[in-house]
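Next come the chains, spelled out residue by residue.
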Amino acid sequence: MKTITDGSYKTDDKKDLTQEEFIKAKTACEFVIDLTKAISRSGYYDSSHPVSLDVKKGLYGSLINALGDSSEIMLTCHELGETVDIHISGILDEPFNIKKLTKENTLDLFVPKLKDYFERKSLNSFVIKKSITSEHFESFIDVMSEPVAENADSSSLGEYLTKALVNLNITEVTTIFKTDIVLHAKLPWRVSIILRRLAKDLKVLPMFRNASIDKIKQIRKEIVADIIRPLNNNELLRDLLINCDVIASHLSESTQTDELEEIIVGSLPTNEIVPVTRAVFEVYKQSKTDMQSDKDNPKYQEKCVYLAKLLNIAATHIKTENLPDTADLFKELYDNQIIKFEMLPEEIRFNIQSIKLAGDVISKIDSYIDKASKTSSLEEMESLVVVFRRVMPELIRIGEWDAIGQIVKVISGFLLREGFDSGSVKKFLNLPDSVFEGSDEIFAHKYMNAEPEERNKINEIMMQLTSMSIKIAGLIFDKCKDPNVLKSAIEIMSKKGDLARRWSVKILNDQNQSISVLNVALLVIINVGQTDDIDLIKRYIKHPNSSIRNKALGVIAKLNKHDAEASAMEALGDEDEKVRIHAANIIERELSLSEESVNKLILLIKAKLEKIKDMTIHEAGFIAGLLKAMGKFTDYPDKEHLEAEIIGIASDLLKGRIGLLKFIKTEPGKEQLEIISACLSSLGRIGGSKSRDFLNSLSRGDTALSKIAHEALETLNKKPVQN
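Draft legend 1. Quick look at the nonpolar core. Of all hydrophobic cores here, the largest spans 127 residues; its most connected members are Phe436 and Ile587. For this core, the element with the highest residue contribution is helix H16 (residues 378-397), accounting for ten residues. Residues within four places of Ile587 in sequence aside, it is in contact with Ala568, Met569, Leu572, Leu593, Leu601, Leu626, Ala629 and Lys632. Core analysis: the second largest hydrophobic core is formed by 53 residues, Leu268, Met291, Leu323 and Leu333 among them.

And the structure:
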C-alpha cells in the first residue's frame, strides 16, 4: 500500500546541495536514524524500562541540534513500486531524500525499518516542532512506539494514537494517518501532505483541554502561519490555495465559513500575496474556460465559485495592506465580477466613471459642442474643460478623432470671444493643450499605430496644439522605429517654429540621447534652426556615428554656408563613404569655395587618381562630383591655373590619346570616363582658349566621349573668348 494515495509522487530529480545545506541535511538524517533506533527498540519495553530510557537518552538534544534555525522537522514516507523514499522537510528550503545523504549499508538497515513503521502505524507523515519540551518529546516516542496488536483495527489506529497524544496535551507534534483524511483530488504530493497536515491540526485542536473559543481561534491562526511560513515557492502556495476546498467538508464543525481561506491568505508572506493572487486568478480564468466547454459538469462551476471567493478575500487583504502595483489586477477582478466597485482603488474607480462619461460625451457630442460654442460664462466653460480633459484619454483610446477635432476647435476659439478681461481668463490661456494633459502617452501610442488615413486626422489636431504637440512628438521619436510614422511626425514638428527649435536644441545639448532621437533632432532643426545654432551642430561633425555626422553636415550647409565650407572640406576625408559623397554633393551644389579650398581639392583629386587602377565606380563618382564643383568657380582669381589643372587631369587619364582618338576604337573605362566627363563639363563652364582647343580636339568622332566634349564646347562657345 502506498503511503501517499494521490498517485502524484515522483522520485527526486538530482539536486546538488551547498556545503552549508549538506551539513544541515546530514545532521537531520543522523537524528532520523537515531529516532528510528529508539522507536524500534523502545517498542518492546515499557516506557520506564532501562532499555527504553537508554535509547531515548540524548535523543532530545539530537533533535534540537538537527533543527538548528528551523522551527520544525517533518518526515514523509513515499512508496513507488519497489522504491521507498523518506523525505525530510523543514530543514532546507525544499524537502530532501534521506537516501542522498546516508551510506548504502545504513539505507539497507534503517529505511526498511522506517517504511515498516509507517505502514504498521498507518502513518503518512509526522511533524515535530522545535517548541516541544523534552518531556513531551519522550512521551511522543513512548506513544508512537507502543506495539500494535495483530488483530488491531487499522482504521481506528490513527484515532487511538491521536487521542493518546491529545490526552498528554502534546500540541507540538502532528501525526497524519492514512485514515485521517482521504483526498480524492489528484494533487502534487507536497500540497497533499500540507493539506492533510492542515486538516489534521485544525481538526484535533478542539480536542485539547482547557482551550477557550478565543484561544482556539488564536491557535488556529498560529497553526496555519506555522505551516505557510516556510513555503517560499509561489507555485506551491498557489496550489495550496486553490485546493483548500478539498478539506472544507472535514472542517465544517471546527471552522466557520471562509475562515480557513481568510487565515491562509492572511498568513502569506507580504511579498508573496500579489504574485500568488495573480497565479490563482490565472487558474480561475482557466476554470471558467473549462466550465464553458463542459457546462454539464458541476465541479467546474463549484471550483469557479470557490476561487472567486478566494480571490475576493485576497483582494481585500491586498487593499488593507495597501500593496503597490495591483491596479491592473483589481481591474481584471472587477471585470470578472469577483470584487465590487467599492473595492477598486480610487484611480480605477475614477477611470471607470470617466469611461462612462466619455460615452455620454460621444453620444451627445453636438449638445456639448453647442453649449461650449455659445457659453459666455467662464464658470461654465471651466466646467466643460474639466469634462473634456477627463474624457480625453478614453476618446483617444477608442479613436474618436472627429469628436476630438470638434472639441479642440470649439475651445480654441473660446478666448477670442468678446467681453472677457485678461485677468479672468488666465486659467484658459493654455487651451487647447491643457485638455490633453495626462493623455500624451496614449496619444503618442495611437499615433504610432494609426493607419495613414487616421494619422492624417490626428495631424490636423496636432497642428492646433502648441507645446503639447512637441511633447507628443518627442514621445513618438523616442519609441517609434517606423520611418513613415517618423516622417509624418517630423513634418508636423517642423511646422512648429521656435517650439520645435527649442526641443531640438535641448536634445542636441545632451549627447547621451539615442542615435534615433539625435537623428530626428537634426532633421527638425534643419527646418527651424538659426545661424546661432551652428556651434551646437558642429559638435556632431565628429560624432562616432556616421549617420549623425552626415545629418550634421547637411544642417550646417543649410543654416550657414560660410561655416559649411570648412566642415565639408574636412568631411571629404571621412572614413565613411556616404559622408564623403554627401560632402562632395554639398560642395558641388550648395557652396562657393575659397581659393585655398579649391587648391586643396585639386591636391585631393590628384592623390585619389594615383590609385585609378583600383578605383570603384563610387569613388570615380566622388571625384567627378568634386570636378563638377570646380565648374561653379567662375570668379576664381586664377582661372588659367585652374583650367590648366583640369586639362592636365583629363589628359593624364586619356594617356596621350588626343588627336589619335579617331584611330582608336576603344574608349576609356567607365571610371575614367566618369571623371573625364566631369573635367570636360567644368572646362565648358570656366575654360578659356586652351579649353576650347582641348574640347575641339576631343569632339571629333562619334564616341560617348566626343559627344560630351561637343556639349561642353557648345557651352563654352556661348561665352566671350578669353585669352
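Draft legend 2. Spotlight on the packing of aromatic side chains. Under the criterion given, the structure shown has eleven aromatic pairs. A ring pair is formed by Tyr117 and Phe118, whose centres lie 6.4 Å apart and whose planes are at 90 degrees; its orientation type is edge-to-face. This pair shows no difference in class: Tyr117 is buried, exactly as Phe118 is. Seen from their ring centres, Tyr368 and Phe388 are 6.3 Å apart, and the 55 degrees between their planes marks the pair as tilted. With a gap of 20 residues between them, Tyr368 in helix H15 (residues 365-374) and Phe388 in helix H16 connect regions that are remote in the sequence. Judged by relative accessible area, Tyr368 falls into the buried class, the value being 14%. Counting every residue linked through ring pairs, the aromatic cluster contains Tyr117, Phe118, Phe126 and Phe140. Just above the ring of Phe350 sits the side chain of Arg390; from NZ or CZ to the centre is 4.0 Å. When the ring centre of Tyr447 is taken as reference, the NZ or CZ atom of Arg455 above it lies at 5.7 Å.

Draft legend 3. Examining the confidence of the model for the protein chain more closely. Looking at the protein chain as a whole, its pLDDT mean stands at 84, while 87% of the residues score no less than 70. Counting interchain partners and residues more than four positions distant, the pLDDT-below-50 stretch residues 1-7 has 26 contacts. Under a pLDDT of 50 for its full length, residues 656-665 has, in the predicted model, ten contacts with residues more than four places off or in other chains.

Draft legend 4. Structural context of the pairing of strand E4 (residues 123-129). Of all the seven residues making up E4, seven are buried; the element is thus mostly covered by neighbouring parts of the structure. Across five bridges, the pairing between E4 and strand E5 (residues 173-177) is antiparallel. From the neighbouring strand, Leu123 faces E5, where its bridge partner is Phe177.

Draft legend 5. Just the pattern of salt bridges, in detail. Evaluation of the coordinates by the stated rule reveals 28 salt bridges. For Lys374, the salt bridge goes to Asp370, with nearest N and O atoms at 3.1 Å. Residue Lys374 and its partner Asp370 are located together in helix H15, separated by four residues, close to a single helical turn. Three or more residues joined by partner-sharing salt bridges are found here, namely Asp498, Arg501, Arg502 and Asp533.

Draft legend 6. Examining the packing of helix H7 (residues 189-204) against helix H9 (residues 234-242) more closely. Put simply, H7 and H9 touch, their axes get as near as 10 Å, and they point 50 degrees apart. Between H7 and H9, the interaxial angle falls into the category oblique. For the crossing formed where H7 meets H9, the hand is right-handed. Counting all contacts with H7, which are made through Arg190, Val191, Ile194 and Leu195, the residues of H9 involved are Leu236, Asp239 and Leu240. The residue makeup of the contact of H7 with H9, split by class, is five nonpolar, no polar and two charged.

Draft legend 7. How the structure looks around the pairing of E5. Counting buried positions along E5 gives five out of five residues, so the element sits mostly inside the fold. Where burial is concerned, the two faces of E5 agree: the one with Val173, Thr175 and Phe177 and the one with Thr174 and Ile176 are both buried.

Draft legend 8. Focus on the environment of Ile526. Inspection of the secondary structure puts Ile526 in helix H23 (residues 515-528). Judged by relative accessible area, which is 23%, Ile526 ranks as partly exposed. Residues Ile526 and Val555, spaced 29 residues apart in sequence, show a C-alpha to C-alpha distance of 5.0 Å. Among all residues touching Ile526, those that are not within four sequence positions of it are Gly554, Val555, Lys558 and Leu559.

Criteria and thresholds
Residues numbered from 1 in each chain as written. Predicted model: local features only at pLDDT ≥ 70, side-chain atom pairs only at ≥ 80, totals over all residues. Heavy atoms only, no water. Core = buried A, V, L, I, M, F, W, Y, C linked by side-chain atoms within 4.5 Å. Buried < 20%, exposed > 50% of the residue type's maximum accessible area, 1.4 Å probe, protein only. Helix = DSSP H or I, 4+ residues; strand = E, 2+ residues; numbered from the N terminus. Contact = heavy atoms within 4.5 Å. Phe/Tyr/Trp six-rings, centres within 6.5 Å; stacked < 30°, edge-to-face > 60°. Lys NZ or Arg CZ within 6 Å of the ring centre and 35° of its normal. pLDDT = per-residue confidence, 0-100. Pairing = 2+ DSSP bridges. Salt bridge = Lys/Arg side-chain N within 4 Å of Asp/Glu carboxyl O. Axes fitted to C-alpha atoms, helices over the stretch in contact; angles between N-to-C directions. Parallel < 35°, antiparallel > 145°, perpendicular 65-115°, else oblique. Left-handed = near helix turned anticlockwise from the far one by under 90°. Nonpolar A, V, L, I, M, F, W, Y, C, P; charged D, E, K, R; others polar.

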